[in-house]
Amino acid sequence: MRDFFGGLLRPRVEALGLEIGTSNLKLVELSGNPPSLRGLAIRPTPPGAIQEGSIVEPGALANELREMLGELRTRKRYVVTAASNLSVITRTLQVPKMPLKQMDEAVRWEAERYIPFPIDEVVLDYSLLDSHETIPDGEQMDVVVGAARQETVASLVETLKAAGLEPVVIDVKPFAGLRTLGGRLKGTDREPITLFLEIGAESSALVLTRGERLLLNRIINLSGKDFTAAISKAFNLDPVAAEDAKKNYGLATIPTEDEDLLLDFDAERERFNPARMYDAIRPVLVELTTELRRSLEFFRVQVGDLGVDQGFVAGGGSKLRSLVPLLADTLGIPLEIADPWQGIQVDKSKFDLDYLRGLSAEFAVPIGLALRGVSPLD
Ligand code: ATP
Ligand code: MG
């Protein structure tokens, strides 16, 4: 799972972490072991450059990326990046135990049933969930497979090359985010069940693990953009104004009297009063919580009635005020915002820690990608 679509080129050099998000481009440079932060950059994705997970304006994206490289002042040109959630399909499937070198063909053959496009038009990669030696002969092996259309991967690679970048690994976003949880996936007496929820601008991803073993990975087509759209409709605002209103006045729980009292009576605040804001957003919240509950239900049926021990939330969409406590409450799972900076050395004289902390949600995936770039790329 650590090196999806990694057959491109794998030199043993450090690589940058890059997330091309629908809303933000994020670039991180880590170096050394233990990894330390060398630089980071975030800037808005040119509007419309990515649509439903596909790159539609490679030139505009490449320009931004080139400028970000300038901002970082790095000579590194190798990158670990990820395909959009909407363009990747992941599935766990079983194949009988066999020698590793026979697996390519067997997995491809088995995966064909799950992939909605012709198998010869996809780039496919896979990873064993257990180490090969530990699986007894004659048993089935669990394999997680990731597939994307060749044209999707090709347009991503072309965009990167146009920016002067050389992709070494194309990962799956939620798996990269998981990497930032590091030691928190492991337990002392037993392996904890961990939930990781990433709410981006275009899509969200729900992952469950037992220890470091993947149990479930679901892409959910509800995210930041849906909150913005609901606000845009309710208050009759253009997308940019709706986005601003969401960040300034958005609210995911029924406003308490206290919050009402906190309001000044200026016209802007009156317009976006918490009760109206909550009414606008509520249908999206209901859909999101229903979808999450359904996925957890599916998991319970498959795996047995096991409780989730801990949960971490990431992605800019999770910054909607009161969203994390609301989700924790409705799902009955302790949730906190993931801290991707833990385990990374940061020179306080070079970086503003409050600034970094403020971007924890957005940087979970890019840091996970950058971490892949500082471990030996084999
Ligand atoms: P994707 O990975 O889905 O393509 P992305 O990586 O570009 O998207 P992020 O950078 O993680 O997305 O987050 C951007 C999203 O977070 C936007 O939808 C934005 O509106 C939302 N967001 C950021 N800050 C806040 C806030 N304070 N309140 C509500 N939403 C916020
Ligand atoms: Mg994202």
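Residues numbered from 1 in each chain as written. Chains lettered and ligands numbered in written order. Predicted model: local features only at pLDDT ≥ 70, side-chain atom pairs only at ≥ 80, totals over all residues. Heavy atoms only, no water.

(A) Quick peek at the packing of aromatic side chains. Within this structure, the stated rule accounts for 3 aromatic pairs. Summarising the aromatic geometry, the rings of F235 and F272 are spaced 5.0 Å apart at their centres and angled 55° between planes, so their arrangement reads as tilted. Highlighted residues: F235 in helix α5 (residues 224-235) and F272 in the loop between α8 (267-271) and α9 (274-303), separated in sequence by 37 residues. Grouping residues by exposure puts F235 and F272 together as buried. Summarising the aromatic geometry, the rings of W341 and F363 are spaced 5.9 Å apart at their centres and angled 35° between planes, so their arrangement reads as tilted. Separated by 22 residues along the polypeptide, W341 in the loop between β15 (335-337) and α11 (353-358) and F363 in helix α12 (residues 360-374) bring together distant segments of the chain. Across this residue pair, the class does not change: W341 and F363 are buried. By way of ring pairs, the aromatic residues F235, Y249 and F272 are connected into one cluster. Positioned over the ring face of F117 is R149, at 4.6 Å from the centre of the ring. (Phe/Tyr/Trp six-rings, centres within 6.5 Å; stacked < 30°, edge-to-face > 60°. Helix = DSSP H or I, 4+ residues; strand = E, 2+ residues; numbered from the N terminus. Buried < 20%, exposed > 50% of the residue type's maximum accessible area, 1.4 Å probe, protein only. Lys NZ or Arg CZ within 6 Å of the ring centre and 35° of its normal.)

(B) Expanded view of the sheet that holds strand β1 (residues 16-20). Taken in spatial order, the 5 strands make up an open sheet running β3-β2-β1-β6-β10, and their pairing is mixed. The sheet is open, and its two borders are formed by β3 (36-44) and β10 (166-172), each paired with just one other strand. Sheet twist, expressed as the average angle between the axes of neighbouring strands with direction ignored, equals 20°. As paired strands, β1 and strand β2 (residues 24-31) are joined by 4 bridges and run antiparallel to one another. (Pairing = 2+ DSSP bridges. Axes fitted to C-alpha atoms, helices over the stretch in contact; angles between N-to-C directions.)

(C) Summary view of the sheet that holds strand β8 (residues 122-128). Strands sit in the order β7-β9-β8 across an open sheet of 3 strands; the sheet is antiparallel. Each of the sheet's edge strands pairs with one partner strand only, and the pair in question is β7 (88-96) and β8. The sheet shows a mean angle of 30° between the axes of neighbouring strands, direction not considered. Where β7 lies against strand β9 (residues 140-149), 9 bridges are found, and the strand directions are antiparallel. Bridging across to β9, Q94 finds its partner in D142. Across the sheet, helix α3 (residues 150-162) is in contact with β8 and β9; its angle to β9 comes to roughly 65°. (Contact = heavy atoms within 4.5 Å.)

(D) Here's a closer look at the side chain of R43. Checked against the element boundaries, R43 lands in strand β3. Apart from residues lying up to four places away in sequence, R43 is in contact with S23, N24, L25, E64, E67, M68 and E71.

(E) Structural detail: the domain arrangement of the protein chain. For the protein chain, the assigned domains are domain 1 (1-87 + 150-180 + 339-378) and domain 2 (184-338). Inter-centroid distance (C-alpha atoms) of domain 1 to domain 2 is 24 Å. The interface of domain 1 with domain 2 comprises 20 residues on the first partner and 22 residues on the second. The junction of domain 1 with domain 2 conceals about 1800 Å² of combined surface from both sides, 63% of it contributed by carbon and sulfur atoms. Ranking the residues of domain 1 by area buried against domain 2 places N85, L178 and A361 at the top, with a combined share of 30%. The partner of E362 in a salt bridge is K319, with the nearest N and O atoms 2.9 Å apart. There are 4 residue pairs in polar contact (both at pLDDT 80 or more) connecting domain 1 and domain 2. Put simply, the parts of the chain that give the side of domain 1 that touches domain 2 at least two residues each are α4 (173-179) and α12. (Domains from an automatic or database assignment. Buried area = accessible area lost by both parts, 1.4 Å probe. Salt bridge = Lys/Arg side-chain N within 4 Å of Asp/Glu carboxyl O. Polar contact = N/O pair within 3.5 Å; in protein donor to acceptor, adjacent residues only side chain to side chain.)

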